[in-house]
Amino acid sequence: MSSTTIVRAVCPHDCPDTCALLVTVKDGVATEVKGDPTHPTTGGVLCTKVARYTERTYHPDRLLYPQKRVGKKGEGQFERISWEEAIRAIAARLKEIAAREPLAILPYSYAGTMGLVQGESMSARVLNKLGASFLDRTICASAGGRGYQYTLGDRIGTDVEQTQNARLIIIWGGNPIASNLHFWTRVQEAKRNGARIIAIDPYRSLTAEKCHQHIAISPGTDSALALGMMHVLIRDDLLDHDYIERYTLGFAALRERVAEWTPERVAKTCGISVEEVVELSRAYGEGAQRGEPSLIRMNYGVQRSHGGGMAVRNIACLPALVGAWRHAAGGVLLSASGSFVKNTALLERLDLFPQQQARRTINMSDIGNSLLHPGSLEFGPKIEALIVYNSNPVAIAPESAKVAQGFARDDLFTVVLEHFQTDTADYADILLPATTQLEHVDAHASYGHRYMMANNAAIAPMGEAKSNAEIFRLLAKELGFTDACFSESDDALGAQAFNYEHERSAHTNWRALKEQGWSKLRLPEIPFAQGGFTTPSGKCEFYSEQMLAAGLDPLPTYIPPYESPASNPELAAKYPLAMISPPARNFLNSTFVNVQSLRDTEGEPHLDLHPQDAAQRQIQAGDMVRIFNDRGSFVAKARITDKARQGLVVGLSIWWKKLASDHKNANEVTSQRLTDMGGGPTFYDLLVQVEKT
Ligand SMILES: Nc1nc2c(c(=O)[nH]1)N[C@H]1C(S)=C(S)[C@@H](COP(=O)(O)OP(=O)(O)OC[C@H]3O[C@@H](n4cnc5c(=O)[nH]c(N)nc54)[C@H](O)[C@@H]3O)O[C@H]1N2
Ligand SMILES: Nc1nc2c(c(=O)[nH]1)N[C@H]1C(S)=C(S)[C@@H](COP(=O)(O)OP(=O)(O)OC[C@H]3O[C@@H](n4cnc5c(=O)[nH]c(N)nc54)[C@H](O)[C@@H]3O)O[C@H]1N2
Ligand code: SF4
Ligand SMILES: [Mo]
């Protein structure tokens, strides 16, 4: 007898929307993945990528059994082995290393799945028990997260479900049509209700194109624009004095600081006009004076350069100045992740770490340098074993030539857990097949909305694939770890993910969450109407003692890019063009690049150049060009367009190297230098030269 069921699931990808899914399963086969129409932020709509999720799950290239490498590292030659052999080989090698130097073992993982079970749960327990090095997971949001935290506290902002009620929406360093679709739907509703929409972006992105106004700022100069806005707001007295008095700290010092940031100076720094600075500030301040909610949707594009943390901090100061936090639809949203009450300690069990043993943390953003480090007193031991899951570092980490060189080390033991044979998988000693979201259970928080989510397994694992948690459980057993926590099932881990005792989440539990799929946290509709920021002072901190203690300027300031014509003219003489490589709409970071229908839509790696920059180099549309600097080079097909401001080239990303004609991607030219705070990467802070191949 044939059977059809609908299973409640969650989109696992690194996207703020964390959609609620309904998976149709016919006779054990997932036939359709749809958005849950009753989930308020999903609204029954998925992006093109995940609407095709079955194409990815049933992809003919799925890894279906464990393999060991037979060719050279990077060649991608593997031979099938059994799970027993794979787990035995890994455990033996890890044991041998741990007996000498546990800190030589390092995990490398990020948000390939955002699931709390298949992310850092059983994996962390095993690595903690081993006494391995910790990984600082900085690759995306840590600079901005830190800047936000210094200013406002936890990552809590305006509820995305209020967006349509805002009268002014500033989309700052984000391209929601590609990367935050369900927010964009609400922006359009706001637009229909008469709201004004402004994009601040060096590139006329799909989103910027559809806004009322696009301010094409030079990359990495956002903190200066925010200083200029504060200057005008204070100069023209477009302030909420009562809010400033009650709920902020350091206004007098801020006033003095921003006095020097005249619109003229700001315009010059940001490569925009004086009018743009003044009009933006007035629109923001005057709207607030009329009592209208204004929302800043700040996104991670502003924090991928040297002063990224400061940029987020400066922008985060704006709502308090004009009292925008008084409105449910006002304020700023960078991330909602701090809204959730997770049981991290229980999931990860840091207490398992050997008590007397030294600890070490390796930053994932300069993994190339770390893998090539011979070891020293300061650095600690050389890295000898790497366990990679939920990430594809050979494609996504900066200064790729060094990353690949590190992965190619013959004396490095590398285990990769993956769905596909990615660029990183090619370097594995042991390659293990992992389940996808349709095949395992998980619990999810979100960084774009306020719903706790549960993902049920819809189908049986493909081939011999196992969930990450199951793989680490097997490893724990082989390593002889007998603590009870090492035998907890994926479902038991899911049940531990949230703290249901806390008032924000107390209204539900794991079983109910799995049945309903999602449940909204209980947060005040207007989070900071009466202050209540989670900073040390409880106020919005224009002046931050914490920053001072960390050796940073305690007041908003401007930190120029490492590499720009203004800040590094010598380098610019050789490499005159700034470059950014933001996400392509049909990929999700490096995921989906191998799904043919989505790759066909993106075509091939492109480079967008301004007509004048192209003419100067005799480059015509469709020419293959080489993009290069001292770190490396890659080729792409030229697209000539004024979407890129003059002096800027744009290569939408993140391509799999092996699927590009030269087996390289944009990360060949990005740099391993870190942001001002949070140890973040500087993916959008670089200079290059471009020539016809
Ligand atoms: N389709 C799709 N969706 C995604 C992703 C994806 O790869 N594809 N990635 C996911 C992930 S991991 C993340 S972190 C988020 C990212 O989400 P966002 O932070 O919204 O990132 P982007 O969509 O890349 O938008 C960044 C925009 O910032 C612009 N930008 C670059 N440099 C600067 C600058 O210095 N200043 C300003 N003001 N703007 C700048 C870029 O041109 C780009 O249009 O999206 C998630 N969603
Ligand atoms: N040039 C440039 N580089 C960038 C960026 C950029 O804008 N430009 N963006 C940066 C940002 S914001 C981010 S967040 C990073 C993202 O970098 P990553 O997190 O590495 O990228 P993803 O493609 O999201 O996920 C990586 C892998 O996780 C795997 N995966 C998914 N689910 C599971 C699972 O359940 N188990 C296992 N074992 N594997 C799974 C997928 O198959 C995929 O290959 O890239 C960064 N790199
Ligand atoms: S990638 Fe984002 S928009 Fe697409 S289904 Fe997943 S959560 Fe929704
Ligand atoms: Mo990210």
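Residues numbered from 1 in each chain as written. Chains lettered and ligands numbered in written order. Predicted model: local features only at pLDDT ≥ 70, side-chain atom pairs only at ≥ 80, totals over all residues. Heavy atoms only, no water.

As for the site of ligand 2
The test is simple: One heavy atom suffices: a residue is near a molecule or strand as soon as one of its heavy atoms comes within 4 Å of it. By the criterion applied in these results, polar contacts are pairs of N or O atoms within 3.5 Å in which, for protein atoms, one can donate a hydrogen and the other can accept it, and in which residues neighboring in sequence qualify only through two side-chain atoms. For every accessible area listed, the method is Shrake-Rupley and the probe measures 1.4 Å; residues are considered covered only by the protein chains on display. Residues are grouped as follows: Ala, Val, Leu, Ile, Met, Phe, Trp, Tyr, Cys and Pro are nonpolar; Asp, Glu, Lys and Arg are charged; all remaining types, including Gly, are polar.
In the region of ligand 2, 29 residues are neighbours, and Ser391, Asn392, Glu418, Ser581 and Thr591 sit closest. Taking isoleucine 396, its main chain carries an N or O atom lying 2.9 Å from a nitrogen atom of ligand 2. Protein contacts shield 97% of the accessible area of ligand 2, which totals 910 Å² for the unbound molecule. Grouping the constituent residues of the shell around ligand 2 by class yields ten nonpolar, 15 polar and four charged.

Re the site of ligand 3
For ligand 3, the full set of nearby residues is Cys11, Cys15, Asp17, Thr18, Cys19, Leu46, Cys47, Val50, His182 and Leu588. The class makeup of the residues in the shell around ligand 3 is seven nonpolar, two polar and one charged.

Comments concerning the side chain of threonine 163
Which entries qualify depends on this criterion: Comment: elements are numbered from the N terminus, with helices defined as DSSP H or I runs of at least four residues and strands as E runs of at least two. Here a residue-residue contact requires only that any non-hydrogen atoms of the pair lie within 4.5 Å.
When you line up the elements, threonine 163 lands in the loop between α5 (142–152) and β8 (168–172). Within the local environment of threonine 163, its side chain forms a polar contact with the backbone oxygen of valine 160, the two atoms lying 2.6 Å apart. Non-local contacts of threonine 163, meaning those with residues more than four positions away in its chain, are made with Ile169, Phe183, Arg186, Val187, Ala190 and Leu295.

Quick word on the packing of helix α9 (residues 222–235) against helix α14 (residues 308–322)
We apply this condition: Note on method: axes are straight lines fitted to C-alpha atoms, helices fitted across the in-contact stretch only, with angles between N-to-C directions ranging 0 to 180 degrees. Should an angle lie under 35 degrees it is considered roughly parallel, over 145 roughly antiparallel, and from 65 to 115 roughly perpendicular; all remaining angles are considered oblique. If you view the pair so one helix is near and one far, a crossing is left-handed when the near helix is turned anticlockwise from the far one by less than a right angle, and right-handed when it is turned clockwise.
Look at α9 against α14: their axes get within 8 Å of each other, and the N-to-C directions meet at 20°. One element, α9, and the other, α14, form an angle in the roughly parallel class. Considering only the axes of α9 and α14, their crossing is left-handed. Across from Asp222, Ser223, Ala226, Leu227, Met229, Met230 and Leu233 in α9, the residues of α14 making contact are Met310, Ala311, Asn314, Ile315, Cys317, Leu318, Leu321 and Val322. Each residue belonging to the contact of α9 with α14 can be placed in one class, and the counts come to twelve nonpolar, two polar and one charged.

Things to note about the UniProt feature "domain: 4Fe-4S Mo/W bis-MGD-type" (unreviewed entry) in the protein
Cut-off, in case you're wondering: UniProt positions are given in the numbering used here, feature names are shortened, and annotations may be inferred rather than shown by experiment.
The UniProt feature table records "domain: 4Fe-4S Mo/W bis-MGD-type" (unreviewed entry) at residues 4–61. For residues 4–61, the helix share is 16%, the strand share is 36%, and the end-to-end C-alpha distance is 27 Å.

Remarks on the domain arrangement of the protein
Here is the rule we go by: Throughout the structure description, domain borders are defined by an automatic or database domain assignment.
Domain annotation for the protein reports domain 1 (4–57), domain 2 (67–140 + 342–438 + 458–490), domain 3 (158–333 + 528–549) and domain 4 (569–692). Between the C-alpha centres of domain 2 and domain 3 there is a distance of 39 Å.

Brief notes about the side chain of asparagine 667
Take asparagine 667: it is sitting in the loop between β26 (648–650) and β27 (687–692). Ignoring anything within four residues of it in the chain, the contact list for asparagine 667 reads Ala395, Ile396, Ala397, Pro398, Glu399, Ser400, Ile654 and Phe683.

Brief notes about helix α19 (residues 468–478)
Owing to its 3.6 residues per turn, the α-helix aligns residues three or four sequence positions apart on the same side. As a reminder of what qualifies: Only protein chains enter the calculation, and the probe is 1.4 Å; a residue is then buried if its accessible area is under 20% of its type maximum, exposed if over 50%, and partly exposed in between.
When we look at burial in α19, the residues that qualify are Asn468, Ala469, Ile471, Phe472, Arg473, Leu475 and Ala476. Lining the buried residues of α19 we find α3 (83–100), α4 (122–130), β15 (385–389), β16 (413–418), β17 (430–433) and α20 (490–496). One or two residues past the end of α19 sits glycine 480, with phi positive at roughly 80°.

Here's the deal with the packing of aromatic side chains
Aromatic rings in a pair are described by how distant their centres are and how their planes are angled relative to each other. Stated precisely, the cut-off is as follows: Geometry of aromatic contacts follows a simple scheme: Phe, Tyr and Trp rings, the Trp one being its six-membered ring, pair when their centres are within 6.5 Å, and the pair is stacked under 30 degrees between planes, edge-to-face over 60, tilted otherwise. Only when the NZ of Lys or the CZ of Arg is both within 6 Å of the ring centre and within 35 degrees of the ring normal is a charge said to sit over the ring.
Summed over all chains, the structure comprises 15 aromatic pairs. Plain terms: the ring middles of tyrosine 389 and phenylalanine 472 are 5.3 Å apart, the flat faces sit at 70° to each other, and that makes the pair edge-to-face. Pair noted here: tyrosine 389 is in strand β15 and phenylalanine 472 is in helix α19, with a separation of 83 residues, a long-range link. One exposure class covers both tyrosine 389 and phenylalanine 472, and it is buried. Here the aromatic rings of tyrosine 451 and tryptophan 518 are separated by 5.7 Å at their centres, their planes lie at 85°, and the arrangement is edge-to-face. Note that tyrosine 451 is positioned in strand β19 (residues 451–455) and tryptophan 518 in strand β20 (residues 518–520), a separation of 67 residues in sequence. On the basis of relative accessibility, which here comes to 3%, the residue tyrosine 451 falls in the buried class. Grouped by ring-pair contacts, the aromatic residues Trp325, Phe528 and Phe533 constitute a single cluster. Above the ring of tyrosine 65, the side-chain terminus of arginine 80 is found at 4.1 Å from the ring centroid. Note that lysine 129 overlies the ring of phenylalanine 481, its terminal NZ or CZ placed 5.9 Å from the centroid.

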